[in-house]
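Commentary on secondary and tertiary structure
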Amino acid sequence: MKYHSTRNNNDLFSPSEAVLQGLAPDGGLFVPQELPKVDFATWIGLDYQTIAKRIFKIFFSDLSDQIIAEIVSAAYGDNFDDPQIVPVHLIDDQIGFLELWHGPTLAFKDLALQFLPHLMQAAKKQLHFEQDILILTATSGDTGKAAMEGFAGVEHFKVIVFYPHNGVSSFQKRQMLCRDYDNVRAIALRGDFDDCQRGVKQLFSDQEFAGEAATAGYALSSANSINIGRLIPQMIYYINSYLQMVTANCLSYGEPISIVVPTGNFGNILAACYAKAMGLPLGRIHLAANQNNVLADFLQTGIYDSNRPLVKTSSPSMDILVASNLERYLYLKKPDSEWLKSLMRDLNVSGKFQIDPEILDLTASWTDENETSIAINQVYQSYEYLIDPHTAVAYSAIAKAGLTGLTLVASTASPYKFMEKILSSLDKEIPPDDRQSIETIAELSGQGIPQTVSKLWRLPQDKEIVISADQMAKAIFDNIKRK
Ligand SMILES: *Cc1c(COP(=O)(O)O)cnc(C)c1O
């Protein structure tokens, strides 16, 4: 498999090159040269790890089978607290939740970020790449800790994440400020997630910054879903859960199921599109947005307009107005680099672009705060099942979209990450201390407190560093030098 930029399909890159570079040199995103058709019927009965190996063999074809096998067993083992890695929780015979939060940081990002560090190490060896790697990452809350956890203690890698000051939940903040290792660090930025993402992207295209980093001994890379190494692993759970449903006799192979994905940066939903393009019998793929409904509007009208205020919601991982992976989706639907370049130019200059909505094959809807609370409440009252606000946004979308038949909802975060919204939706008092909320959530869910949650109160907590966008480079070098 080779990769090329969405903005230029002439220059080809090996998988290892694409993974280490993160962003393509022209500012576009790496995409696979093709999405080969697979007869997934022959994969029925395989476990998560075996599916992972087969997918990685296709997409990271410059790594040996043995290395892929080692990476997979390191990435998807007892670091997940469920042996199925991503179990499907059916609440009735129509609706199932894809529980993507059994990893160490309790959000779906772990499915990719428990894997990416191993992949990057292998890519580094493959290319005989000598320099250390500095990973810069913007986070709306979940990617940050997942990247820190994935790279914790990994030699020759340093991770610095930027999160929006006052834009993450108190639990998320505690997660990022409590760490076991010195090579990972979180810094708060005055602004929102888009400011963090823009700041990081600017540093990536800043020659002077790259030069200084090189002098300090580092090459730059990214752990955001702009990295193709983040996206490929996300296809696995769609394939695995479809086949699980077949094995459980919920459907016969070939019958379409619907997928609903709570979306922010468009990575998770794009992985579903890729799996479908490879032949997985998915029916409708529905995009669920919160009040920051720029993507829902786009899918309905073909007009992408990010010129609107960003609203802070209870599903902060979706508080995003510029979704980077949309560029890959557009390329999938219309592989025309010149066209994409002009759209991205429009987006840069005016914050918007317009296309013919005919080529778009996803449906979309959005959910406000009140509806989110209703969904949390309803699912708990009817099924005694706790869902986090992101998952609740997706659950709400089922009725809005009029989805019928078997529907799988991507459940992207554990309820522990967003306790306040859950408690208020269930008309419970919100205790002053997160620790008490944790006890309440555990009681409501009827399950024990996960290890990774209780551990957070045993680790020392960093003092929060708060900077403005123009201080990012300085903060990074201060941090590197302190190593
Ligand atoms: C990151 C995240 C999302 C959004 O996923 P994208 O791939 O950015 O669309 C949704 N929910 C949670 C809990 C997340 O952490």
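First, a word on scope: everything that follows refers to the structure included in this document. (Residues numbered from 1 in each chain as written. Predicted model: local features only at pLDDT ≥ 70, side-chain atom pairs only at ≥ 80, totals over all residues. Heavy atoms only, no water.)

Quick notes on the site of the ligand
Counted only if it meets this: Any residue with at least one heavy atom within 4 Å of a molecule or strand is counted as near it. Nitrogen and oxygen atoms within 3.5 Å of one another constitute a polar contact, given that in protein one can donate a hydrogen and the other can accept it, and given that sequence-neighbouring residues count only through two side-chain atoms. Surface accessibility follows the Shrake-Rupley procedure with a 1.4 Å probe radius. Residue values consider only the protein chains on display as shielding. Under the scheme applied here, ten amino acids are nonpolar (Ala, Val, Leu, Ile, Met, Phe, Trp, Tyr, Cys and Pro), four are charged (Asp, Glu, Lys and Arg), and all others, including Gly, are polar.
Surrounding the ligand, one finds 15 residues, the nearest of these being Lys109, Asp142, Gly264, Asn265 and Thr412. Between Phe266 and the ligand, the recorded distance is 3.0 Å, taken from a backbone N or O atom to an oxygen atom. In the complex, 98% of the free accessible area of the ligand, which totals 380 Å², lies under the protein chains. For the shell around the ligand, the per-class residue count stands at 5 nonpolar, 8 polar and 2 charged.

What about the packing of aromatic side chains?
Defined as follows: Stacked, tilted and edge-to-face are the three classes assigned to paired rings of Phe, Tyr and Trp, where Trp is represented by its six-membered ring and a pair needs centres within 6.5 Å; plane angles under 30 degrees give stacked, over 60 edge-to-face, the rest tilted. Each residue is placed in one exposure class: buried if its accessible area under a 1.4 Å probe, protein chains only, is under 20% of its type's maximum, exposed if it is over 50%, and partly exposed if it falls in between.
Overall, the coordinates contain 18 aromatic pairs when judged by the stated rule. Ring centres of Phe56 and Phe60 lie 5.7 Å apart, and the angle between their planes is 45 degrees; this geometry places the pair in the tilted category. Judged by relative accessible area, Phe60 falls into the buried class, the value being 2%. Each ring, one from Phe298 and one from Phe353, has its centre 5.7 Å from the other, and the planes form 70 degrees; the classification is edge-to-face.

Digging into the state of the cysteines
We apply this condition: Here, a disulfide means two cysteine sulfur atoms that sit within 2.5 Å of each other.
Across all of its chains, the model carries 0 disulfides by this definition. You can see Cys196 has no disulfide; the closest cysteine sulfur is in Cys178, sitting 20 Å from it.

Re the pairing of strand S8 (residues 184-189)
Our working rule: Helix and strand assignments follow DSSP, with helices taken as H or I runs no shorter than four residues and strands as E runs no shorter than two, numbered in order from the N terminus. We treat two strands as partners when DSSP finds at least two bridges between them. Orient the strands so they point away from the viewer; a crossover is then right-handed if the path from the first strand over the helix to the second runs clockwise.
A large share of S8 lies buried, amounting to 6 of its 6 residues. Covered by surrounding structure in S8 are Val184, Ala186 and Ala188 together with Arg185, Ile187 and Leu189, the residues of both alternating faces. Two strands pair when backbone bridges link them, and strand S7 (residues 157-164) and S8 are joined in this way by 6 bridges, in the parallel orientation. Of the residues in S8, the one forming a bridge with Ile160 is Arg185. On the question of chirality, the crossover connecting S7 to the parallel S8 by way of helix H7 (residues 170-177) is right-handed. Bridge count between S8 and strand S16 (residues 466-467): 2 bridges; the pairing is parallel. Each residue of the ladder has a partner; that of Leu189, found in S16, is Ile467.

With respect to the environment of Glu371
Summarising the element assignment, Glu371 is placed in helix H15 (residues 369-383). In this structure, the C-alpha to C-alpha distance between Glu371 and Cys196, residues 175 residues apart in sequence, is 28 Å.

Looking at the sheet that holds strand S4 (residues 88-90)
Our working definition: Here, axes are lines fitted to C-alpha atoms. For helices the fit covers the stretch in contact, and angles between N-to-C directions go from 0 to 180 degrees.
In space, the 6 strands of this open sheet follow the order S4-S5-S15-S10-S11-S14, with mixed pairing throughout. Single-partner strands in this sheet number two, and they are S4 and strand S14 (363-366). Along the sheet, successive strands turn relative to each other by an average axial angle of 25 degrees, direction set aside.

Section: the packing of helix H3 (residues 65-75) against helix H5 (residues 116-126)
What counts here: Angles are sorted into four bins: roughly parallel if under 35 degrees, roughly antiparallel if over 145, roughly perpendicular if 65 to 115, and oblique for all others. Two helices cross in a left-handed way if the nearer one is turned anticlockwise from the farther one by less than a right angle. They cross in a right-handed way if the turn is clockwise. Note on definitions: a residue-residue contact is assigned when non-hydrogen atoms from the two residues lie within 4.5 Å.
Contact geometry for H3 and H5: axes closest at 9 Å, N-to-C directions at 155 degrees. Here H5 runs roughly antiparallel to H3, going by the angle between their axes. For the pair H3 and H5, the crossing hand works out as right-handed. Judged by residue contacts, Ile67, Ile71, Ala74 and Ala75 of H3 engage His118, Leu119 and Ala122 from H5. Along the lines of polarity and charge, the residues of the contact of H3 with H5 split into 6 nonpolar, 1 polar and no charged.

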